[in-house]
Amino acid sequence: MCLYKSILLTILSTSALAASLSAGTVEGVLTFEKRNPYVGLAYFSDANDGGPDVCGTLDQKDKAFSKLLVVGKEGCEIKFHNSDDTDHNIFANDLESGVNFDVGLIPPGGDSSTVVNWNAGRLVRVGCKIHPKMVSYIANLPTSRYAIVEFEEGQLETRFAVADVDDSSVAFELVLQPLDRISVSIASGETKTVDVTYKGKVFGTLTLTR
Ligand SMILES: [Cu+2]
């Protein structure tokens, strides 16, 4: 083996070792007593990495939004598209976050967008005024250490994982729509179980392992 190759391999294996020691996966198990929430977002609010590089897009097809939740960091432009052959609309009138917008009609094949400019960590509910059953959420996500939690209909247990979490990040947040926000401090080597609640009433449990 030539010297350069051997040096390169040494650097690669050293950095791989460093990564495995300093970064880890945080796993969560959610159980619900009667029914599951609509969608969830798990993230570390103290990761301080500036947020995801890619800004989310939301399509409308077969009178439904293509995703239950899209994420983007502060200031990024979430793009909307209409893939149906009927008109759609996208609006937000979110009392909790105070976010209010309406992009008007989006004709078949049309595009629109909105800029993420609300509080970090907030999920904003969006809908279509023409089709009231269409619901999605847009999150202002301040970190790339996150997981979107999805549920099958009637599913009472769900697992998720947030990968590559640095040891210095401990501030775990879980937003389950429409349940109460969960904030837990979780350090390396810890396991914690907390109640999942809705307006203070127990709805299920969350177990975090790190
Ligand atoms: Cu619509």
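Keep in mind the model is a prediction, meaning the values are calculated, not measured. (Residues numbered from 1 in each chain as written. Predicted model: local features only at pLDDT ≥ 70, side-chain atom pairs only at ≥ 80, totals over all residues. Heavy atoms only, no water.)

J.: Could you clarify how one ought to interpret the overall build of the chain in this entry?
T.: Counting its regular elements, the chain contains one helix and 17 strands. Here the chain holds 210 residues, and 39% of them are scored as buried. Taking the intrachain contacts of the chain between residues at least 6 apart in sequence as the baseline, contacts between residues at least 24 apart amount to 63%. Working note: accessible area of the chain is about 11400 Å², and carbon and sulfur atoms make up 52% of it. (Helix = DSSP H or I, 4+ residues; strand = E, 2+ residues; numbered from the N terminus. Buried < 20%, exposed > 50% of the residue type's maximum accessible area, 1.4 Å probe, protein only. Contact = heavy atoms within 4.5 Å. Areas by Shrake-Rupley, 256 points an atom, 1.4 Å probe, with all protein chains shown as cover.)

J.: Looking at this structure, how should I read the sheet that holds strand β3 (residues 57–61)?
T.: Pairing between the strands of a sheet is mediated by backbone hydrogen bonds and can be parallel or antiparallel. Taken in spatial order, the four strands make up an open sheet running β4-β3-β6-β9, and their pairing is mixed. The open sheet is flanked by β4 (64–65) and β9 (111–115), the only strands paired with a single partner. Relative to β9, strand β6 (residues 77–82) runs antiparallel, the two sharing five bridges. Across the sheet, Phe80 pairs through a bridge with Ser112, a residue of β9. (Pairing = 2+ DSSP bridges.)

J.: I keep staring at the coordination of the copper ion and nothing clicks. Help me out?
T.: Octahedral metals with six donors have ideal donor angles of 90 or 180 degrees. Tetrahedral metals with four donors have an ideal donor angle of 109.5 degrees. Surrounding the copper ion are the protein donor atoms His88 (ND1), Cys128 (SG) and His131 (ND1), which sit 2.0 to 2.2 Å from the metal. The sequence motif formed by the donor residues of the copper ion is H-x39-C-x2-H. In this pair, His88 sits in strand β7 (residues 88–94) while Cys128 sits in the loop between β10 (123–127) and β11 (135–140), placing the two residues 40 residues apart along the sequence. Taken as a pair, His88 and Cys128 share a single burial class, namely buried. (Donors = N, O, S within 2.8 Å, 3.2 Å for Na, K, Ca; no water.)

J.: Would you mind going over the nonpolar core with me for this structure?
T.: Where a protein is soluble and globular, its nonpolar side chains tend to be buried together. The biggest cluster of nonpolar side chains holds 23 residues, and the ones touching the most others in it are Leu30, Phe172, Leu174, Val196 and Leu206. Listed by contribution, the elements that provide at least two residues to this core are β1 (23–32), β2 (39–44), β12 (146–149), β13 (157–166), β14 (171–177), β15 (182–185) and β17 (201–209). With 18 residues, the next largest nonpolar core counts Phe65, Ile78, Phe101 and Ile138 among its residues. (Core = buried A, V, L, I, M, F, W, Y, C linked by side-chain atoms within 4.5 Å.)

J.: Hey, could you run me through the pattern of salt bridges in this one?
T.: When the charged atoms of two side chains with opposite charge come close together, those side chains can pair. Applying the stated criterion across every chain, the model contains four salt bridges. A salt bridge links Asp102 to Lys129, with the nearest nitrogen and oxygen atoms 2.9 Å apart. Separated by 27 residues along the polypeptide, Asp102 in strand β8 (residues 99–106) and Lys129 in the loop between β10 and β11 bring together distant segments of the chain. For Asp102, a relative accessible area of 41% translates into the label partly exposed. Using a relative accessible area of 53% as the deciding quantity, one classes Lys129 as exposed. The partner of Glu173 in a salt bridge is Arg181, and the shortest N-O contact between them spans 2.9 Å. Residue class for Glu173 comes out buried when judged on its relative accessible area of 12%. Taking relative accessible area as the criterion, Arg181 reaches 38% and is therefore assigned partly exposed. (Salt bridge = Lys/Arg side-chain N within 4 Å of Asp/Glu carboxyl O.)

J.: Would you mind going over the state of the cysteines with me for this structure?
T.: What makes a disulfide is a covalent bond joining the sulfur atoms belonging to two cysteines. By the definition in use, this model includes one disulfide. Through a disulfide, Cys55 is tied to Cys76; the S-S separation comes to 2.0 Å. Measuring handedness by torsion sign, the sulfur bridge of Cys55 and Cys76 sits at about 75° and is right-handed. Linking Cys55 in the loop between β2 and β3 with Cys76 in the loop between β5 (69–72) and β6, this pair joins segments that are 21 residues apart in sequence. (Disulfide = S-S within 2.5 Å.)

J.: Would you mind going over the layout of surface pockets with me for this structure?
T.: Take a probe with the size of a water molecule and roll it over the atoms, and the empty space left behind shows itself. Roughly 180 Å³ of volume is contained in the largest pocket. Along its surface, the largest pocket is lined by Glu33, Lys34, Arg35, Tyr198, Lys201, Val202 and Phe203. Take the lining of the largest pocket: its biggest share by element is three residues, from β17. When the residues that make up the lining of the largest pocket are grouped by side-chain class, the tally is three nonpolar, no polar and four charged. (1 Å grid on protein atoms, 1.4 Å probe; cavity = no way out; pocket = protein on both sides within 12 Å on 5 of 7 lines; lining within 4 Å. Points joined across faces, edges and corners; volume = space filled by probe spheres on them. Nonpolar A, V, L, I, M, F, W, Y, C, P; charged D, E, K, R; others polar.)

J.: Looking at this model, I keep getting lost on the pairing of strand β16 (residues 191–198). Mind explaining?
T.: Each regular strand carries side chains that alternate between the two faces of the sheet. Of the pairings in the sheet, the one linking β16 to β17 comprises eight bridges and is antiparallel in character. When the sheet's bridge partners are listed, Val194 is paired in β17 with Leu206. Between β16 and the antiparallel strand that follows it, β17, lie two residues; Lys199 among them carries a positive phi value of about 50°.

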